Amino acid sequence: MTPAHRYLTAMAARVTEWDAALIRQAVLGTAWLRDGRVSANDFRDYLPEVAQGAVGLTIRQLPTKKHGALIRKATVQGHPITVPSTAESTHGKPIQVWELTPAGRDAARELIEGRVAA
């Protein structure tokens, strides 16, 4: 196991189910309101402080079958779309833009409609 893999594994172990659920809701809800595309810049400020690295780790799990394949990397002509991060700690490093998959659109619609009905 590489040092980077050990570090990411340790970080992922610190992400609570609560944090992951909040981030998942933020991703889906924000993407739904922004015509299906989202980056961490769009919702980071609305989340409570969560485990360091939780946003990136959680988002990277959402495209997997295990998590419902809810999002995928947004691309233009086959190239990933990135935007500069607005988090001060990242010094403007590029971050990924994600887009909802059909399953993600369904999950986001259920999330939003459930909130409206409540």
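Use the structure listed above.
Residues numbered from 1 in each chain as written. Predicted model: local features only at pLDDT ≥ 70, side-chain atom pairs only at ≥ 80, totals over all residues. Heavy atoms only, no water.

Caption draft 1: Looking closely at the overall build of the protein chain. Within the protein chain, the regular secondary structure consists of four helices and seven strands. When the helices and strands of the protein chain are placed in sequence order, the string is α-α-β-α-β-β-β-β-β-β-α. Taken over the C-alpha trace, the protein chain has a radius of gyration of 14 Å; the compact-globule value for 118 residues is 13 Å, and the two agree within 12%. Classification of the 118 residues of the protein chain by burial places 35% in the buried group. Look at the contacts in the protein chain between residues 6 or more apart in sequence, and 67% of them connect residues 24 or more apart. For the protein chain, the accessible surface area stands at approximately 7800 Å², while carbon and sulfur atoms represent 56% of it. Across the protein chain, the mean location of the 15 positive side-chain charges is 8 Å away from that of the 11 negative side-chain charges. (Helix = DSSP H or I, 4+ residues; strand = E, 2+ residues; numbered from the N terminus. Rg over C-alpha atoms; globule rule 2.2 N^0.38 Å. Buried < 20%, exposed > 50% of the residue type's maximum accessible area, 1.4 Å probe, protein only. Contact = heavy atoms within 4.5 Å. Areas by Shrake-Rupley, 256 points an atom, 1.4 Å probe, with all protein chains shown as cover. Lys, Arg positive; Asp, Glu negative; His and termini not counted. Charge placed at Lys NZ, Arg CZ, Asp CG, Glu CD.)

Caption draft 2: Fine view of the pattern of salt bridges. Within this structure, the stated rule accounts for four salt bridges. The salt bridge partner of D42 is R34, with a shortest N-O separation of 3.8 Å. Exposure remark for D42: the relative accessible area of 22% places this residue in the partly exposed category. Of the residues examined, R34 reaches a relative accessible area of 44% and is grouped as partly exposed. For E99, the salt bridge goes to R72, with nearest N and O atoms at 3.0 Å. In this pair, E99 is assigned in strand β7 (residues 98-100) and R72 in strand β2 (residues 71-73), connecting sequence segments 27 residues apart. In this structure E99 comes out as buried when scored by relative accessible area, which is 17%. Classification of R72 as partly exposed rests on a relative accessible area of 41%. Each of the salt bridges in this network shares a partner with another, and the network as a whole consists of R37, R72 and E99. (Salt bridge = Lys/Arg side-chain N within 4 Å of Asp/Glu carboxyl O.)

Caption draft 3: Looking closely at the nonpolar core. Ranked by internal contacts, the top residues of the largest apolar core, which has 24 residues, are I23, V27, L28, F43, V55, I59 and I71. For this core, the elements supplying multiple residues, two or more each, are α2 (17-33), α3 (54-61), β7 and α4 (102-117). At five residues, α2 tops the list of elements feeding residues into this core. (Core = buried A, V, L, I, M, F, W, Y, C linked by side-chain atoms within 4.5 Å.)

Caption draft 4: Local environment of α2. Taking 1.5 Å of rise per residue, 17 residues should cover 24 Å, and α2 covers 24 Å from first to last C-alpha, within 8% of that figure. Residues of α2 that are buried include every one of D19, I23, A26, V27, L28, G29, T30 and A31, and no others. At the exit of α2 stands D35, carrying a positive phi of roughly 55°. (Expected span 1.5 Å × (residues − 1).)

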